[in-house]
Amino acid sequence: MTDALLKPIVTADNLSRDYDVGGGMFSKPQTLSAVAGASFSVLPGKTLAIVGESGCGKSTLARLVTMIETPTGGTLSIGGRAVTPSDWSSLRSVVQIVFQNPYGSLNLRHRVGYIIEEPLIINRPDMPKAERVARVREIMQLVGMRPEHYDRYPHMFSGGQRQRIAIARALVLEPKLLVLDEPVSALDLSIQSQILNLLIDLQERLDLAYLFISHDLSVVRHVADDVIVMYLGRAVESGSKEEVFSNPRHPYTKALLSATPKADPRGTSTRIRLQGELPSPLNIPPGCPFAERCWKVQDKCRAERPALDGDHHKAACFFPEGAAEASAPVASAPVA
Amino acid sequence: MSDPTPLLRIRNLSVDFTTSSGLFRAVDGIDLDVASGELLAIVGESGSGKSVSMLAVMGLLPWTAKITADEITFDGTDLRNLSGPARRRLIGRDMAMIFQEPMSSLNPCFTIGFQLKEALRQHLGLNARDRHARAIELLEMVGMPDPERRLKAFPFQLSGGMNQRVMIAMAIACRPRLLIADEPTTALDVTIQAQILDLLTGLQNDTGMTLILITHDMGVVAETAERVCVQYAGQKVEDQPVIDLFDHPYHPYTAALLAALPERATERRLPTIPGTVPGAFDRPTGCLFSPRCRFADDTCRGTQPPVQPPALGRARCHYPIGATTPQKVTQ
Ligand SMILES: Nc1ncnc2c1ncn2[C@@H]1O[C@H](COP(=O)(O)OP(=O)(O)OP(=O)(O)O)[C@@H](O)[C@H]1O
Ligand SMILES: Nc1ncnc2c1ncn2[C@@H]1O[C@H](COP(=O)(O)OP(=O)(O)OP(=O)(O)O)[C@@H](O)[C@H]1O
Ligand SMILES: [Mg+2]
Ligand SMILES: [Mg+2]
């Protein structure tokens, strides 16, 4: 079966989330656009990665897709149907989330067995207790935990083990999409590989779809099928992993890839030096959000916001990399 | 390393913490020479004693820590029994450290300008105008936008990444001869990280500053370090020039660590290291890595391994990888 015949599990269309911030006694509230117009779909058995630097809106997007927060614009569709908050409880089992911090996200006062069972108690109250327990034990085995762990408390486990508990808890409702918000960032390298292997295994066995959020491009390169690069709440590039990594079109993507250290001491570094800072999310300039740091910025970039353009491999840039640059008056990247 | 008088010399450094359940050994018999002008990286799992060993050198551990060492010298000065005033003259000026948690080392009650200038006043005795100019210069060096205005900011008014850069500015304020940077870029985005690493390696190149970089990021190690020490469960298990370490790790732990890097993966499934680091209660009698090592035999489980010669990466291992014959040292 080709991808074209698969039906997406989740589709986001122009999904947005604004926050009202500030607004103390003497200042008027401002609007912070944490996610602005995100569109994508996730297919069964596939991994869509969201990458970008701190504050670009990755976790906000995760909360929208997991129906923890209502979008302020756009639509989220599950199984082809647009979702409203009244559907949330019935759809909860389709999309589940695993958070970054394996310490903070588990209730330390409960035993492991109960932590994993809890979503069933809440969402499947009609399921007999014996069946719930059997399901929990089955899931524990699936994520590589031992039966005797059932009665232990989370504090008795290492970071990697706790992340297994979190994954088990997310899987117990048999979701079709797992949102993974920096699932391995807090883990040591040797544990990271165990968890990545587990995720790869589970995906193959259960045909799970992943929305995989990470700032670590070497991890994304290993697990993703498709990639979206975000900058200040907006997608600036999207495409298949191969397209985005081998042939980045947005200058920001190119800079991000070049700045990621490679574990090869013989490699020659060709880092692109960016000028300037990320603008404040409360004060995003009117044109391209990357304009202030871009080495080929033109007047047009400051005046007008480029749309995310292209067939499958899309970029939001008036002067994308790899385009016929001869006619455009652009500089080349300031490489060190 | 061939340098006859290293800038920093450590012999048999151990640190034990008094805890409610007894003594806990966080650092276990570390030997280390760092030559003047060198850029050394220390890597290892979380909890392997990277921070504690360097805090011990700086004399910055709490009283619950019991430090023992046969030698800790900085440029010939014995750091173990230094008087208070002598230590204060050295620490913060000739030896400086960037701490892993930037917020814990900035005072929330004072502006960053005040804190920077105070460091300059104490150690360099500059006048007010020079202090102001130098403070701005330092913030520019660490890539802080709008430095003049930022001097008036309190730490809580800046992002985590900006505070981290203030910490770096404070650490390099007095042009230290030795800078210990403990995960200096973990809270930073990669584009800013690149800028900070350039700054630190630039200082090392231009001023001959010695840099010890603690990090868990093997990419950062590969791109910046000259030499690498690998720590495991409080011990140094390997010590090699960076290229040699990536080409030919001798300790099975180092080899397993490098194999676990996603970018070195040849298949979809990554190589893993089974099990976890030993804790206070399951510390093995022999090699500390033996419960997780696929080459371990009864010798490894029963006897502590020797430290191999430099040609074998100073591996703390009975059977360094690729050594032609088992390198058993019988004393
Ligand atoms: N509840 C909220 N109220 C106000 N602003 C918020 C809220 N949640 C997020 N933001 C802001 O929205 C923007 C995006 O935040 P988000 O946490 O989604 O970023 P992120 O990409 O996950 O960053 P990181 O990599 O640091 O986790 C940030 O500027 C953040 O400060
Ligand atoms: N004040 C303390 N009291 C008791 N134990 C401590 C104290 N400080 C550190 N430890 C323990 O000493 C060991 C070594 O800690 P250290 O902070 O040096 O690890 P690290 O290698 O720097 O790890 P990370 O990569 O997480 O920073 C750990 O097991 C830690 O829990
Ligand atoms: Mg986040
Ligand atoms: Mg540390």
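What counts, and at which threshold
- Residues numbered from 1 in each chain as written.
- Chains lettered and ligands numbered in written order.
- Predicted model: local features only at pLDDT ≥ 70, side-chain atom pairs only at ≥ 80, totals over all residues.
- Heavy atoms only, no water.
- UniProt positions renumbered as here; feature names shortened; annotations may be inferred.
- Contact = heavy atoms within 4.5 Å.
- Buried area = accessible area lost by both parts, 1.4 Å probe.
- Salt bridge = Lys/Arg side-chain N within 4 Å of Asp/Glu carboxyl O.
- Helix = DSSP H or I, 4+ residues; strand = E, 2+ residues; numbered from the N terminus.
- Nonpolar A, V, L, I, M, F, W, Y, C, P; charged D, E, K, R; others polar.
- Expected span 1.5 Å × (residues − 1).
- Buried < 20%, exposed > 50% of the residue type's maximum accessible area, 1.4 Å probe, protein only.
- Arc of directions from axis to C-beta.
- Pairing = 2+ DSSP bridges.
- Axes fitted to C-alpha atoms, helices over the stretch in contact; angles between N-to-C directions.

Chain B carries the name ATP-binding cassette domain-containing protein in an unreviewed UniProt entry, which gives Pseudooceanicola spongiae as its organism. In its Subcellular location (unreviewed entry) section, the UniProt record describing chain B reads: "Cell inner membrane". The heading Sequence similarities (unreviewed entry) in the UniProt record of chain B holds the text "Belongs to the ABC transporter superfamily."

The name recorded for chain A in an unreviewed UniProt entry is Dipeptide ABC transporter ATP-binding protein, from Pseudooceanicola spongiae. Database annotation for chain A, UniProt heading Subcellular location (unreviewed entry): "Cell inner membrane".

1. Section: the interface of chain A and chain B
Contacts between chain A and chain B engage 35 residues on the former and 40 residues on the latter. Carbon and sulfur atoms make up 53% of the surface buried where chain A meets chain B, a total of about 3,300 Å² over both sides. The interface formed by chain A and chain B contains five salt bridges. The shortest N-O distance in the salt bridge between Arg271(A) and Glu223(B) comes to 3.0 Å. Contributing elements (two or more residues each) for the side of chain A that touches chain B: helix H6 (189-206), helix H7 (217-223) and helix H9 (251-259) of chain A. For the side of chain A that touches chain B, the element with the most residues is H6(A), which contributes 12 residues. Its residues assigned to classes, the side of chain A that touches chain B shows 12 nonpolar, 12 polar and 11 charged.

2. Overview of helix H4 (residues 129-142) of chain A
All names here are of chain A. Across its 14 residues, H4 extends 20 Å between first and last C-alpha, which sits within 8% of the 20 Å expected from 1.5 Å per residue. Within H4, the full set of buried residues consists of Arg132, Arg135, Val136, Ile139 and Met140. Buried positions in H4, seen along its axis, are confined to an arc of 135° and lie on one side of it. Seen from the open side of H4, the exposed residues pointing more than 90 degrees away from its buried face are Ala130, Glu138 and Gln141.

3. What about the sheet that holds strand S1 (residues 10-22) of chain A?
All names here are of chain A. What the four strands build is an open sheet, ordered S2-S1-S4-S5; its pairing is antiparallel. Looking along the sheet, the strands with just one partner apiece sit at the ends: strand S2 (29-42) and strand S5 (81-82). Sheet topology places S1 next to strand S4 (residues 73-78); five bridges connect them, and they run antiparallel. Bridge pairing links Ala12 to Leu76 in S4. The strands touched by helix H1 (residues 58-65) are S1, S2 and S4; relative to S1, the strand with the most contacts, the crossing angle is about 120°.

4. Things to note about unusual backbone geometry
Working note: non-glycine residues mostly have negative phi, and peptide bonds are mostly trans. Of note in this structure, Leu232(A) is not a glycine but carries a positive phi near 50°. Of note, Leu232(A) is situated in the loop between strand S9 (226-231) and strand S10 (234-240). The residue Asn12(B) is not glycine, and still its phi comes out positive at about 55°. Looking at the secondary structure, you find Asn12(B) in strand S1 (residues 8-19).

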